[in-house]
Structures are given as structure tokens and as C-alpha cells.
Amino acid sequence: MLNILIVGSGGREHALAWKIKQSSKVNQLFIAPGNAGTSVLGENIPVGVSDFEGLKKVVLEKQVDLVVVGPEVPLVEGLHDFFIADEELKNIRVVGPQKHGAMLEGSKDFSKEFMERHNIPTAKYKSVTRDKLEEGIAFLKTMQAPYVLKADGLAAGKGVLIIDNLPEAEASLKEMLDGQFGAASSKVVIEEFLSGVELSVFVITDGKAYQILPEAKDYKRIGEGDTGLNTGGMGAISPVPFADEAFMKKIEDRIIKPTVNGLQKEGIPYNGFIFFGLIKVDGEPYVIEYNVRMGDPETEAVMLRVKSDFVDLLIAAADGTMAEQSIEIDDRSAVTVMLVSGGYPGSYENGKVMTGFDQCENSILFHAGTKQAESDIVTAGGRVIAVSSYGPSMKKALDQSYVNAEKINFEGKYYRKDLGFDL
Ligand code: AMP
Ligand code: GLY
């Protein structure tokens, strides 16, 4: 029996907590800092994800055996390395890569070079720093519109610009290098634009063997028909109809295996999740990006389809015994529909009282941005609730989520009613 600490506070962490809680191997579950939803499954502890000393105190006081890190920021900042370097923490299992492996997400330039070394299909690119602006502009001139510019470092999901014409691309490149995204854009990756349909594929790995989790497709734009501004994600579906066996095999052979083998060959330890952000172009898969964590909101659909004891997989990722594991997947569809605050992804107000939870049946309500305020649950973020459902088909699962999306009320509530429209 293990005491488990989940680090993070979103819908992803609530979904992880929900799945972990189903395991017979869990003694106590803690979430730092968690949200109103996770407080029902375990004990929320008000410590931030980047407060390493605070997390250390929690682990020692609560006798935590295993830590699951939800978001990328603490991984890129070296939370796992901090545990390894600490006499009292070095034997605690951590699921989430060390700093070196986390660079797959923390530095786009690192990830592009890694893919190049291991022949992993991805868009053509060039990385430039401020002193190489002219080379960057020359490279842009060899490309065709639209132009893709990416801040090298973490930029809270905002560091990718897709620009229609060359003069604007040149101006944006200069702005980025001049600090538009702070240090994150002191280096910029200029990429060839790939046109196709995207999907998210996840593995859990110990750095040698891996298990493939259910794939998903998320809907990033705020508006129906995939229009308007990018968001953290307005919903997700799993499985992805176009990801048939043959396509998944290409992904495994050309992308997953070379990635895990590449990490191993380069001596980069990796215990955790790899999220492959992929795009299908003329029937072939390419990597758009790596993330070193699970997706949000994909996790709020993916966890529904994992039948295996998830704690066994977490232990195997930490202990290096993934080769002995297998994974059982539910063949039903699972979807999640995100209810968001009015105004999101622009400015919005928090603190709206929420009602209707007790009216909802046959969905799982994962809290993304909520807070307990005395006897009320109130909104506390742009993305508020992920309404997740099973169904015999994607359509039926979506219908179920939409019934409950109607029943939850808070001022300014918005959600997309067209998920799956493109499939
Ligand atoms: P990222 O922040 O890396 O996930 O990028 C955000 C979004 O930009 C991706 O989900 C894609 O829709 C798009 N994108 C990134 N790179 C490319 C590319 N090379 N070609 C086309 N679209 C891209
Ligand atoms: N849903 C995309 C992400 O988690 O980055």
C-alpha cells in the first residue's frame, strides 16, 4: 500500500487522482495544491508545484512513497533531480523525467536536434539566436507561407506563432528574439508548416520499455469549427477514428521506438510520460512537439479508457520494470467537454457560484479551475469543468457529456457544442 502525491491542480490532475484512487494499492492520496474536485478523492495540500522545499515537507510528513508530477514546469525546473540529490528523498519514486529528459519539452531546439539525430520525422527547421537574425530571415525566405515561429523555451502554451506573410514573419522573428516571450524566445525555432490533422499519443515509460496509452484528439480553438483563439483545450475524444492499427504501427515504429531508444542510447534517464503531439500529413505521422507530461484535457478522456491498475504502471515507470507490464484498454469511446469561463482565453472573472452538480448522471465531472468557498463551489480559472463520458461511439459519448454540460450552471459558462465535427 502506497501513499501517493499528485503535483498539480487542473483537470488532468483530477483525472489522474480519479484513476489512481481506483487502485487497491493506494493507502493515502495527496494532491498539491489540487482543486475542489480532488479534495473529494484525497487530501489537498496548499503547496505550489514549484515549491520544492514545500513538497519535500509534504513527502516527509505524509510518508509519501510515490510522486506523480502533472505539469511540465516543475519537471523542467528539476523537481525530480532535486529528489535524487536529497538524502531524505532520494529513494522516493518520482514519475516525471529529470531535467535532461524534460528538455524534450523545455527546449524546442533540443527536441528538434534530438529528432534529427534519431531520424524521427518532423518539420524542417532552423534555430536562431539574436546574433543570427539575418540567417533566420534568409531561412524564412527559403520557406513558403504560412511561417511557423516557436519560442525555444516554455511559454505557457503561447510561444508558437503561425504567420501568413513574409514581412510579418520577419518582424515577428525579430520581436521574439528581442524578448517577446522573455528568455523563452532568446532562441527561436523556425519551422516548415505542416498541413494535416493532429492527434496526441501518450506512452508511460521507464526509459527502456513503454506502454502505449489510448490516443486522443484535442480541440484547441475557442470557437466552433476550430476558429478563434487557441486555448488550453476545449475538449478531447478517444479513440481517434483515423488512428487505425496501420497508422498507429507507423507511429510506434518511426516515432515511439526511436524516441525511447534514443533517450536510452544518449544516456538520458526517463521515468514518466511522453506526449507525442503528432500530425498526419499525406498518411504519414510527423512530430509537431514532445511534451513530458500527460495532455490536458486529453487525460480527462484517456484515463477513462485505461482498464489496468494505473498504480502498477506508475510503479513500473519509476522502478524500471515496465517490460513486465501490459496495459488493458476499454474499447468504448471516451470524451471530455470543457466548460470555460466567459471571456476565456482572454480575461474573465473568477468566483462565479456553480450549481447543478447533483443533477448530473452518467458523466464524470473533472474539476479544472474550481475552488471551495465556504459551502459553494466557485469558478477559479478559465477552464472550469471537464465533463467526461463513455459511450458505445464518440457521438453517443458526446451526447452524454452535452446533456450534463447543460445542467451545470455558472454565470458566463461557455463550451463548444461541435466536438468531433471534423471526424
Ligand atoms: P505547440 O505549442 O508546439 O503545441 O504548437 C501549437 C500548435 O501550433 C500545434 O498544436 C499545431 O496546431 C500548430 N503547429 C505547431 N507547429 C506546426 C507546424 N510545423 N506546422 C503546422 N502547425 C504547427
Ligand atoms: N492538450 C494539449 C496539451 O496538454 O498541451
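All of these numbers come straight from a predicted model, not from anything done at the bench.

## Quick word on the site of ligand 1
And step 1. Among the 14 residues in the neighbourhood of ligand 1, the closest are listed as Glu191, Glu192, Leu194, Glu198 and Glu289.
And step 2. Note that a nitrogen atom of ligand 1 is positioned 2.9 Å from one of the backbone N or O atoms of Glu192.
And step 3. In the environment of ligand 1, an oxygen atom lies 3.0 Å from a nitrogen or oxygen atom belonging to the side chain of Lys220.
And step 4. If you list the elements that add at least two residues to the shell around ligand 1, you get strand E7 (147-151), strand E8 (160-163) and strand E17 (284-291).
And step 5. Looking at the shell around ligand 1 residue by residue, the class counts come to 7 nonpolar, no polar and 7 charged.

## Concerning unusual backbone geometry
And step 1. The linkage connecting Ala32 with the following residue, Pro33, adopts the cis geometry, with an omega of -5°.
And step 2. Its location among the elements puts Pro33 in strand E2 (residues 26-33).
And step 3. The omega torsion across Ala145 and Pro146 is -10°, close enough to zero to call that bond cis.
And step 4. Topologically, Pro146 is positioned in the loop between helix H7 (133-142) and E7.
And step 5. With a phi close to 50°, Gln63 is a non-glycine residue in the positive phi region.
And step 6. Relative to the helices and strands, Gln63 is located in the loop between helix H2 (52-61) and strand E4 (66-69).
And step 7. Judged by relative accessible area, which is 60%, Gln63 ranks as exposed.

## Observations concerning the nonpolar core
And step 1. Ranked by size, the top nonpolar core spans 49 residues in total, and within it Leu5, Val67, Phe83 and Phe276 carry the most contacts.
And step 2. Here this core takes 7 residues from helix H9 (residues 245-265), the largest share from any one element.
And step 3. Excluding residues within four positions of it along the chain, Phe83 makes contact with Val59, Val67, Leu89, Lys90, Ile92 and Val94.
And step 4. In this structure, Trp18, Ile20, Ala209 and Phe310 belong to the second largest nonpolar core, which totals 45 residues.

## Quick notes on the packing of aromatic side chains
And step 1. Applying the stated criterion across every chain, the model contains 11 aromatic pairs.
And step 2. With a centroid separation of 5.4 Å and an interplanar angle of 50°, the aromatic rings of Phe52 and Phe82 are classed as tilted. Here the residue Phe52 occupies a position in helix H2, and Phe82 occupies one in helix H4 (residues 79-85), the gap between them amounting to 30 residues. The same class applies to Phe52 and to Phe82, which are both buried.
And step 3. Among the aromatic side chains, those forming a connected cluster through ring pairs are Phe52, Phe82 and Phe83.
And step 4. The positively charged end of Lys280 is found above the aromatic ring belonging to Phe247, 4.9 Å away from the centroid.
And step 5. Directly above the ring of Tyr390 sits Arg332, whose terminal nitrogen or CZ lies 3.9 Å from the centroid.

The rules behind these values
- Residues numbered from 1 in each chain as written.
- Chains lettered and ligands numbered in written order.
- Predicted model: local features only at pLDDT ≥ 70, side-chain atom pairs only at ≥ 80, totals over all residues.
- Heavy atoms only, no water.
- Near = heavy atom within 4 Å.
- Polar contact = N/O pair within 3.5 Å; in protein donor to acceptor, adjacent residues only side chain to side chain.
- Helix = DSSP H or I, 4+ residues; strand = E, 2+ residues; numbered from the N terminus.
- Nonpolar A, V, L, I, M, F, W, Y, C, P; charged D, E, K, R; others polar.
- Buried < 20%, exposed > 50% of the residue type's maximum accessible area, 1.4 Å probe, protein only.
- Core = buried A, V, L, I, M, F, W, Y, C linked by side-chain atoms within 4.5 Å.
- Contact = heavy atoms within 4.5 Å.
- Phe/Tyr/Trp six-rings, centres within 6.5 Å; stacked < 30°, edge-to-face > 60°.
- Lys NZ or Arg CZ within 6 Å of the ring centre and 35° of its normal.

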